[in-house]
Amino acid sequence: MRFVLFIALALSVTGCTRWSMNHHMNLAYKAYERGNCEQVMLELSKVDRASRARRYMQPEVSMMRGQCLERQKLFVDAAQTYQFILSQYPNSEYAYRARARLETLQSLGHYPTRSATAVRPTSF
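Report on the accompanying structure. By convention here, each chain's residues receive numbers from 1 onward along its written sequence. Only residues with pLDDT of 70 or above have their local features reported here, since the model is predicted, and side-chain atom pairs are shown and tallied only from 80 upward, although totals for entire chains, interfaces and linings are computed over all residues. Values reported for side chains reflect all heavy atoms of the structure, with hydrogen atoms and water molecules removed beforehand.

### Overview of the overall build of the protein
To qualify as a helix, a DSSP run of H or I must reach at least 4 residues; to qualify as a strand, a run of E must reach at least 2; elements of each kind are numbered from the N terminus. Broken down by element type, the protein carries 6 helices and 0 strands. For the protein, the N- to C-terminal ordering of α and β elements is α-α-α-α-α-α. Think of it in three bands: residues with accessible area under 20% of the maximum for their type are buried, residues over 50% are exposed, and the middle band is partly exposed, with areas taken using a 1.4 Å probe on protein chains only. A buried classification covers 34% of the 124 residues belonging to the protein.

Structure (structure tokens):
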């Protein structure tokens, strides 16, 4: 009987963590729709703390963080967040979305292209 109780308790704890992450992600999306990026960042921070053992949540969290950084006109920070997604999760859905956001930032002039950022030697 104790064994069954222990198993049930162990399963409920892992389920609670997943429920908690989903709850905070949902709150982050709702705050984003309202334009409240401070609340979004707080909720994403809560998801980060709950998801350290669940790396599959990181691309979605990073994507939402990048979108909020864009909304706050922190374009370089947003672009670096998108670059993080591309380097760490290159085959994920969020990598495709991050690449599209980078292209949009570049086309709007908020983020320089790679060739424009190259350091050119000066002649003396």
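### Quick word on the side chain of Gln67
By the element assignment, Gln67 lies in helix 3 (residues 58–71). Should any heavy atoms of two residues lie within 4.5 Å, those residues are counted as being in contact. The contact partners of Gln67, leaving out residues within four places of it in the chain, are Tyr32, Tyr82 and Arg97.

### Quick notes on the side chain of Ser62
By secondary structure assignment, the location of Ser62 is in helix 3. Not counting residues within four places of it along the chain, the set of residues in contact with Ser62 comprises Thr81, Phe84 and Ile85.

### A short note on the nonpolar core
Counting 14 residues, the largest nonpolar core has Met63, Tyr82, Ile85, Ala98, Leu102 and Leu105 as its most contacted members. Of all elements in the fold, only helix 3, helix 4 (75–88) and helix 5 (93–107) reach the threshold of two or more residues within this core. Filtering out sequence-adjacent residues up to four positions away, Tyr82 remains in contact with Met63, Gly66, Gln67, Glu70, Ala98, Arg101, Leu102 and Leu105. Counting residues in each nonpolar core, the second largest holds 13 residues, with Met21, Met25, Tyr32 and Cys68 among its members. In plain words, nonpolar cores are sets of buried Ala, Val, Leu, Ile, Met, Phe, Trp, Tyr and Cys residues tied together by side-chain atoms within 4.5 Å.

### Here's the deal with helix 5
The periodicity of an α-helix, 3.6 residues per turn, causes residues three or four places apart in sequence to face the same way. Given the number of residues in a helix, its expected span is that number minus one, multiplied by 1.5 Å. In this model, helix 5 (15 residues) spans 22 Å end to end at C-alpha, consistent with the 21 Å of a helix rising 1.5 Å per residue. Looking at helix 5, one finds that the buried residues are Tyr94, Ala95, Ala98, Leu102 and Leu105. On an axial view of helix 5, the arc spanned by its buried residues comes to 100°, and they lie on one face. Summarising the geometry of helix 5, the exposed residues directed more than 90 degrees from the buried face are Tyr96 and Ser107. Lining the buried residues of helix 5 we find helix 3 and helix 4. Positive backbone phi, approximately 80°, marks Gly109, located one or two places after helix 5. Here the arc refers to the directions that run from the helix axis out to each C-beta atom.

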